Amino acid sequence: MTQVPDHKFPRMRTVGYDGLLVSFGDTMEESSNRAALAFRDLIDSENWEGVLETSATLASAYIRFDTKRLSHADLDSRVRGALGHQDWYSAPMPMGRRFWRVPTVYGGELAPQLGDAANAAGLSVEEAIRRLSETRVRVLTIGFAPGQPYLGPLGPEFNIPRLQDLTPMVPEGALVLAISQFVLFSGPTPTGWRHVGQTAFRCFRPEAEHSFALRPGDEMQFVPISRDALEDIRANNADGTGGATCQEIKQ
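Residues numbered from 1 in each chain as written. Predicted model: local features only at pLDDT ≥ 70, side-chain atom pairs only at ≥ 80, totals over all residues. Heavy atoms only, no water.

**Looking at helix 1 (residues 30–46)**
In step 1: The end-to-end C-alpha distance of helix 1 is 24 Å, a good match for the 24 Å that 17 residues give at a rise of 1.5 Å each.
In step 2: Where helix 1 is concerned, the buried positions are Ser32, Asn33, Ala35, Ala36, Leu37, Ala38, Phe39, Leu42 and Ile43.
In step 3: On its buried face, helix 1 sits against strand 2 (19–23), strand 3 (51–56), strand 4 (60–65), helix 2 (72–83) and strand 6 (137–142).
In step 4: Among the residues trailing helix 1, Asn47 stands out with phi positive, at a value near 50°. (Helix = DSSP H or I, 4+ residues; strand = E, 2+ residues; numbered from the N terminus. Expected span 1.5 Å × (residues − 1). Buried < 20%, exposed > 50% of the residue type's maximum accessible area, 1.4 Å probe, protein only. Contact = heavy atoms within 4.5 Å.)

Here it is, written out as structure tokens:
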């Protein structure tokens, strides 16, 4: 029997005429995101006939299928059977994940909203930098823009609201914060999240064999450096990694 933290979940819903959404919660929690990533990985590994595409969001897994090869009833039955295999909320994470340590300038002219974020969290700027830079966050999902990760969870002190007014534009590589999550922007964009750090990491690399640098389930840590160090990295950033190191995560 699947163990769930809420009797309403997991919950299955049809999406359009060829989609099924399996939700493990109605909010992002570590356990619901873990379940979504692990369940999506199972569906991919099973290679079911008729399944065309899968993806994982903050707390759900999506399956798109060919209705001529796989009926709604058959997919529903298979998914219900798979959900009963184990407690997905404590399931092992997918294999092949990586840990990235990304050089980051916190605050100053490059990330001018760090002070505001620290104040909203009830911290000094120095303490906010220490906590943010020591936290190892998970790529919870990829979305909004090509290759762009939502990262978390951060500590509860960083469960701060979005800004009421949009910042007109932040650059590629901007690290922004709200609701106990980071977003690392894959391109210049307006945002209502607070710009707290700046990197030279390129999440979207259309010229590369694998254009999305990150995968859901990867982990990241944003390591403090000086502005001069970041400028040196930018001058030698042909591969787009922004000086980041990467290593495989052992299960």
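**Things to note about the nonpolar core**
In step 1: In this structure, Phe182, Phe201, Met220 and Phe222 are the most contacted members of the largest nonpolar core, which totals 28 residues.
In step 2: When residues of this core are traced back to their parent elements, those giving at least two are strand 5 (98–106), helix 3 (114–120), helix 4 (125–134), strand 6, strand 9 (174–178), strand 10 (181–184) and strand 13 (219–224).
In step 3: Filtering out sequence-adjacent residues up to four positions away, Met220 remains in contact with Phe99, Trp100, Val102, Thr135, Arg136, Val137, Val139, Leu151, Leu184, Phe201 and Leu214.
In step 4: In this structure, Leu20, Ile63, Leu75 and Leu83 belong to the second largest nonpolar core, which totals 23 residues. (Core = buried A, V, L, I, M, F, W, Y, C linked by side-chain atoms within 4.5 Å.)

**Section: the sheet that holds strand 3**
In step 1: Overall, antiparallel pairing links the 4 strands, which are arranged 1-2-4-3 in an open sheet. Only two strands of the sheet have a single neighbouring strand rather than two, namely strand 1 (11–15) and strand 3. Adjacent strand axes in the sheet meet at a mean angle of 20°, parallel and antiparallel pairs treated alike.
In step 2: Direction of pairing for strand 1 relative to strand 2: antiparallel, over a ladder of 5 bridges. Each residue of the ladder has a partner; that of Arg11, found in strand 2, is Ser23.
In step 3: Contacting strand 2, strand 3 and strand 4, helix 1 crosses the sheet at an angle of about 165° to strand 3. (Pairing = 2+ DSSP bridges. Axes fitted to C-alpha atoms, helices over the stretch in contact; angles between N-to-C directions.)

**With respect to the pairing of strand 2**
Side-chain positions along a regular strand alternate between the two faces of the sheet.
In step 1: In terms of residue burial, strand 2 counts as a mostly covered element, since 5 of its 5 residues are buried.
In step 2: The alternating pattern of strand 2 places Gly19, Leu21 and Ser23 and Leu20 and Val22 on opposite faces, both of which are buried.
In step 3: Relative to strand 4, strand 2 is paired through 5 bridges, and the arrangement is antiparallel. Looking across to strand 4, one finds that Val22 is bridged to Ala61.

**A few points about the pattern of salt bridges**
In step 1: Evaluated as defined, the whole model comprises 21 salt bridges.
In step 2: Put simply, Glu49 and Arg69 hold a salt bridge, and the shortest N to O gap is 2.8 Å. Note that Glu49 is positioned in the loop between helix 1 and strand 3 and Arg69 in the loop between strand 4 and helix 2, a separation of 20 residues in sequence.
In step 3: Residue classification places Glu49 among the partly exposed residues on the basis of a relative accessible area of 48%.
In step 4: Looking at Arg69, the relative accessible area reads 45%, which means it is partly exposed. (Salt bridge = Lys/Arg side-chain N within 4 Å of Asp/Glu carboxyl O.)

Just geometry here; none of it tells us what the structure is for.
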